[in-house]
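An overview of the molecular structure
Each chain is listed here by its residues.
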Amino acid sequence: LAEELVSFVKPELDRAGVTLELELEGELPTVRADEAQLRQALVNLLRNAREATPKGGRVTVRLRQSSGGVELCVDDTGPGVPDELRASIFDPFFTTKERG
């Protein structure tokens, strides 16, 4: 699923001048999950990372085995969340975007 979504979103990041990489660490177990929700969450994370990352930056998707499951991490080289906004980032509908 991660490979498929990285391939799907990669052209968007290429157009934005952002490198997208997928790192699979070791052999990963099969994981039971709601595929549609996982797909939507990962696409949202990748698009948010693209918006936060300046041209010439990098977005990395990493998957590794963790406690019998799989840990998925999306990292980008964007500026990060300012300290004064960190307490609000998980509030429903919180955004710093003018639109969205």
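What you see is a predicted model, and the numbers here were worked out from it, not measured in a lab. Within each chain, residues carry numbers counting from 1 in the order of the written sequence. Side-chain atom pairs in this predicted model are given and counted only at pLDDT of 80 or more, local residue features only at pLDDT of at least 70, and totals for whole chains, interfaces and linings cover all residues. Heavy atoms from the whole structure form the basis of all side-chain values; hydrogens and water molecules are not counted.

So, about the pattern of salt bridges. A pairing counts as a salt bridge when a side-chain nitrogen of Lys or Arg comes within 4 Å of a carboxyl oxygen of Asp or Glu. Considering all chains together, one arrives at twelve salt bridges under this definition. The shortest N-O distance in the salt bridge between Lys10 and Asp14 comes to 3.0 Å. Pair noted here: Lys10 and Asp14 are both in helix H1 (residues 2-15), with a separation of four residues, about one helical turn. We call a residue buried when its accessible area falls under 20% of the maximum for its residue type, exposed when it is over 50%, and partly exposed in between, using a 1.4 Å probe and counting protein chains only. Assessed through its relative accessible area of 32%, Lys10 is described here as partly exposed. Under the relative-accessibility criterion, Asp14 is labelled partly exposed at 43%. Of the charged contacts in the structure, one is a salt bridge between Glu51 and Lys97, with a shortest N-O distance of 2.7 Å. Placement of Glu51 in helix H2 (residues 35-52) and of Lys97 in the segment after strand S3 (69-76) is noted, with a sequence separation of 46 residues between them. In this structure Lys97 comes out as partly exposed when scored by relative accessible area, which is 37%. Through salt bridges with shared partners, one network takes in Glu12, Arg47, Arg50, Glu51 and Lys97. Each helix is a run of H or I in the DSSP string that is no shorter than four residues. Each strand is a run of E no shorter than two, and both are numbered from the N terminus.

Turning to the pairing of S3, a few remarks are in order. In regular strands, side chains alternate between the two faces of the sheet. By this definition, two strands are paired if DSSP reports at least two bridges between them. Note: strand S2 (residues 58-66) against S3, eight bridges, orientation antiparallel. Residue Arg62 lies in a different strand from S3, and its bridge partner there is Cys73. Two successive antiparallel strands, S2 and S3, enclose a turn made up of two residues, where Ser67 displays a positive phi of approximately 50°.

This next bit is on the environment of Phe90. Relative to the helices and strands, Phe90 resides in the segment after S3. Given a relative accessible area of 78%, Phe90 falls into the exposed group. Along the backbone, Phe90 and Lys10 are 80 residues apart, and their C-alpha atoms lie at a distance of 26 Å.

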